Amino acid sequence: MTVHLRVTPNAGADRIEGAESRDDGTSVLRLRVKAVPDKGKANAAAMALLAAALGLPKSALRLVSGDTARLKTVAISGDPAGLGERLAGLGAAKPR
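All residue numbers refer to positions counted from 1 along the written sequence of the respective chain. Owing to the predicted nature of the model, reporting of local features is limited to residues with pLDDT of at least 70; listing and counting of side-chain atom pairs is limited to 80 or more, with chain, interface and lining totals taken over all residues. With hydrogens and water set aside, each side-chain value is computed from the structure's full complement of heavy atoms.

Describing helix 1 (residues 41-54)
Here helix 1 spans 20 Å end to end across 14 residues, near enough to the 20 Å set by a 1.5 Å rise per residue. For helix 1, every residue scored as buried is listed here: Ala-42, Asn-43, Ala-45, Ala-46, Met-47, Leu-49, Leu-50, Ala-51 and Leu-54. We call two residues in contact whenever any of their non-hydrogen atoms come within 4.5 Å of each other. Each helix is a run of H or I in the DSSP string that is no shorter than four residues. Each strand is a run of E no shorter than two, and both are numbered from the N terminus. In the core, the buried residues of helix 1 are packed alongside strand 1 (2-8), strand 2 (15-21), strand 3 (27-32), strand 4 (61-65), strand 5 (71-76) and helix 2 (80-89). Gly-55, located one to two residues past helix 1, shows a positive phi value of around 70°. The length a helix should cover is 1.5 Å for every residue beyond the first. Exposed residues in this analysis have more than 50% of their type's maximum accessible area, buried residues have under 20%, and partly exposed residues fall in between, with area computed by a 1.4 Å probe over protein chains only.

Right, here's the structure in full:
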């Protein structure tokens, strides 16, 4: 399953803000992380935050695209039905 994220680095706290509808009609899950966007630190923090919120090990998440961009695509391994419910609980749109 893939999930689209919008990650904001240099935030005051690590948190998941919920879903956001983009102008192009897509939905993303907004995350804020305290880490700086240097040498993958913000990406690692975002992956750790999402993994913890979903109750998964970090190894179950893989960054597919967006290594240096705010908009990222993440592949998540696991039971799609259970993951869909957990993502919906975070305020995310239904993943693909």
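Observations concerning helix 2
Listing the buried residues of helix 2 in full gives Gly-82, Leu-83 and Leu-87. Looking straight down helix 2, one finds its buried side chains confined to an arc of 130°; they lie on one side. Those residues of helix 2 that are exposed and angled more than 90 degrees off the buried face are Glu-85 and Gly-89. Note on helix 2: the residue one or two positions beyond its end, Gly-91, has a positive phi of about 90°. The arc refers to the directions leading from the helix axis to the C-beta atoms.

A few points about the pairing of strand 4
Looking along a regular strand, one sees side chains alternate from face to face of the sheet. As judged from the four bridges shared by strand 4 and strand 5, these two strands associate in the antiparallel manner. Opposite Leu-63, over in strand 5, you have Val-74 as the bridge partner. Criterion used throughout: strands pair if DSSP finds at least two bridges between them. The turn linking strand 4 back onto strand 5 is made up of five residues, and Gly-66 within it adopts a positive phi angle of 95°.

Describing the pattern of salt bridges
What makes a salt bridge here is a side-chain nitrogen of Lys or Arg within 4 Å of a carboxyl oxygen of Asp or Glu, nothing more. Evaluated as defined, the whole model comprises five salt bridges. Among the ionic pairs, Arg-30 bridges to Glu-17, the shortest N-O distance being 3.2 Å. Residue Arg-30 is found in strand 3, and its partner Glu-17 is found in strand 2; the two are separated by 13 residues along the sequence. By relative accessible area, which is 16% here, Arg-30 ends up buried. In this structure, the salt-bridge partner of Glu-20 is Arg-30, at a minimum N-O distance of 2.8 Å. A residue pair is termed long-range when its members are at least 10 positions apart, and Glu-20 in strand 2 and Arg-30 in strand 3 qualify at ten residues.

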